[in-house]
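Each chain is listed here by its residues.
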Amino acid sequence: MNIDNLINNETLGENDLFRLSNLIRSDIDQGSENFHFVTYRIPRIEVCASATFNTEIRSDMIAKRLSGRWSDPLNSLIINIMPYDDMTVIILGCHNSIVASCSYFFLELAKDPKKFISDIFIKNIETWVCSPEFYFRHIRHREKEIIKQFGLYPQERDYTYPTRAYLFG
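Small disclaimer: the values here were computed from a predicted structure and weren't measured. Residue positions are given per chain, counting from 1 as you read along its sequence in written order. Given that the model is predicted, a residue must reach a pLDDT of at least 70 before its local features are reported, and side-chain atom pairs must reach 80 or more before they are shown or counted; all residues, however, enter totals for whole chains, interfaces and linings. Side-chain measures here rest on the full set of heavy atoms in the structure, leaving out hydrogens and waters.

### Regarding the side chain of Gln149
Logical step 1: Structurally, the position occupied by Gln149 is in helix H6 (residues 143–150).
Logical step 2: Sequence-distant contacts of Gln149, defined by excluding residues within four places in its chain, comprise Ile122, Thr163, Arg164 and Ala165. A run of DSSP states H or I qualifies as a helix once it reaches four residues; a run of E qualifies as a strand once it reaches two. Both are numbered from the N-terminal end. The contact rule is simple, with two residues in contact once any of their heavy atoms fall within 4.5 Å.

The structure is reproduced here in structure tokens:
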């Protein structure tokens, strides 16, 4: 990828973040309810994240670019995962206009929250944290296997493809 394309892609991503930020600000300031959120509480796990991530698979992104709709915002989910007292709270949301196209993620979260978290940490979210205890209990002994999984997904962006690693095992 040449530098001009890279700069253009980063600018488009920045524009998407500004758009989301403005919509969230509108919800806070004016109660406009632009977003759909679900909240789950599960037994406490020592992980934490706050992120947005693109839900479009690579072929859809290519089709969007080829059709001239490249400046259209990407379909993005917002997720927050926080330990609180004896539970972990998971908040997942998206803009109301894309709830139907993001239904896979809402269904997967409802079906198995820990598997959902494990999969998105490996496939979608670049920055997340865990306690030292969690790391030594669940990750350290298979760190190379887990790191290898990180490299399998960014290029394909097929988020329905299951991961082979499970962070909580």
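### Considering the sheet that holds strand S2 (residues 47–54)
Logical step 1: Strand order in this open sheet of 5 strands is S1-S4-S3-S2-S5, and the pairing throughout is antiparallel. Across the chains shown, the open sheet's two edge strands, defined by having one partner strand only, are strand S1 (35–43) and strand S5 (129–130).
Logical step 2: Should DSSP find at least two bridges between two strands, the strands are taken to pair. Pairing of S1 with strand S4 (residues 87–95) involves 9 bridges; the strand directions are antiparallel. Within S4, the position partnered with Phe37 by the bridge is Gly93.

### Let's talk about the nonpolar core
The nonpolar side chains of a soluble globular protein tend to be buried, and buried together.
Logical step 1: Nonpolar cores are built from buried Ala, Val, Leu, Ile, Met, Phe, Trp, Tyr and Cys residues. Side-chain atoms within 4.5 Å join them into one set. In this scheme, a residue with accessible area under 20% of its type's maximum is buried, one over 50% is exposed, and one in between is partly exposed, where area comes from a 1.4 Å probe on protein chains only. Membership of the largest hydrophobic core comes to 30 residues, with the highest contact counts inside it found for Ile79, Ile81, Leu92, Ile117 and Phe121.
Logical step 2: Going through the elements one at a time, S1, S2, strand S3 (76–84), S4, helix H3 (103–111), helix H4 (113–123) and helix H5 (132–139) are the ones with two or more residues in this core.
Logical step 3: With 5 residues, H4 is the single largest residue contributor to this core.

### Some details on unusual backbone geometry
Logical step 1: Unlike most non-glycine residues, Glu33 shows phi in positive territory, near 55°.
Logical step 2: Counting through the fold element by element, Glu33 comes out in the loop between helix H1 (3–30) and S1.
Logical step 3: When its relative accessible area of 63% is taken as the criterion, Glu33 is described as exposed.
Logical step 4: A positive phi angle is found at Asp85, which is not glycine, with a value near 55°.
Logical step 5: With respect to the helices and strands, the residue Asp85 is situated in the loop between S3 and S4.
Logical step 6: Residue classification places Asp85 among the exposed residues on the basis of a relative accessible area of 57%.

### Topic: the pairing of S2
Logical step 1: The sheet contact formed by S2 and S5 spans 2 bridges and is antiparallel. Bridge pairing in S5 places Val47 opposite Cys130.
Logical step 2: Across 6 bridges, S2 lies against S3 in antiparallel orientation. Looking at the pairing, Thr52 lines up with Ile78 of S3.

### Focus: the pairing of S4
Logical step 1: Most of S4 is tucked away, with 7 of its 9 residues classed as buried.
Logical step 2: Relative to S4, S3 is paired through 8 bridges, and the arrangement is antiparallel. Pairing of Ile78 across the sheet is with Gly93, part of S4.
Logical step 3: Linkage of S3 to S4, two consecutive antiparallel strands, is achieved through a turn of 2 residues, within which Asp85 is found at a positive phi near 55°.

### Regarding the environment of Arg44
Logical step 1: On the secondary structure map, Arg44 appears in the loop between S1 and S2.
Logical step 2: On the basis of relative accessibility, which here comes to 37%, the residue Arg44 falls in the partly exposed class.
Logical step 3: When the C-alpha positions of Arg44 and Leu77 are compared, they lie 23 Å apart, and in sequence the two are 33 residues distant.
Logical step 4: Dropping the residues within four chain positions of it, Arg44 is found in contact with Pro83, Tyr84, Asp85, Asp86, Met87 and Thr88.

### A look at the confidence of the model for the protein
Logical step 1: Each residue gets a pLDDT score, which is the predictor's confidence in that residue and runs from 0 to 100. Residues at a pLDDT of 70 or more form 92% of the protein, whose mean pLDDT is 86.
Logical step 2: Looking at the elements of the protein, mean pLDDT is at its lowest for helix H2 (residues 58–66), recorded as 73, and at its highest for S5, recorded as 96.

### Considering the environment of Lys111
Logical step 1: Following the sequence through the fold, Lys111 ends up in helix H3.
Logical step 2: Given the relative accessible area of 61%, Lys111 is considered exposed.
Logical step 3: With 25 residues separating them in the primary sequence, Lys111 and Asp86 have C-alpha atoms 21 Å apart.

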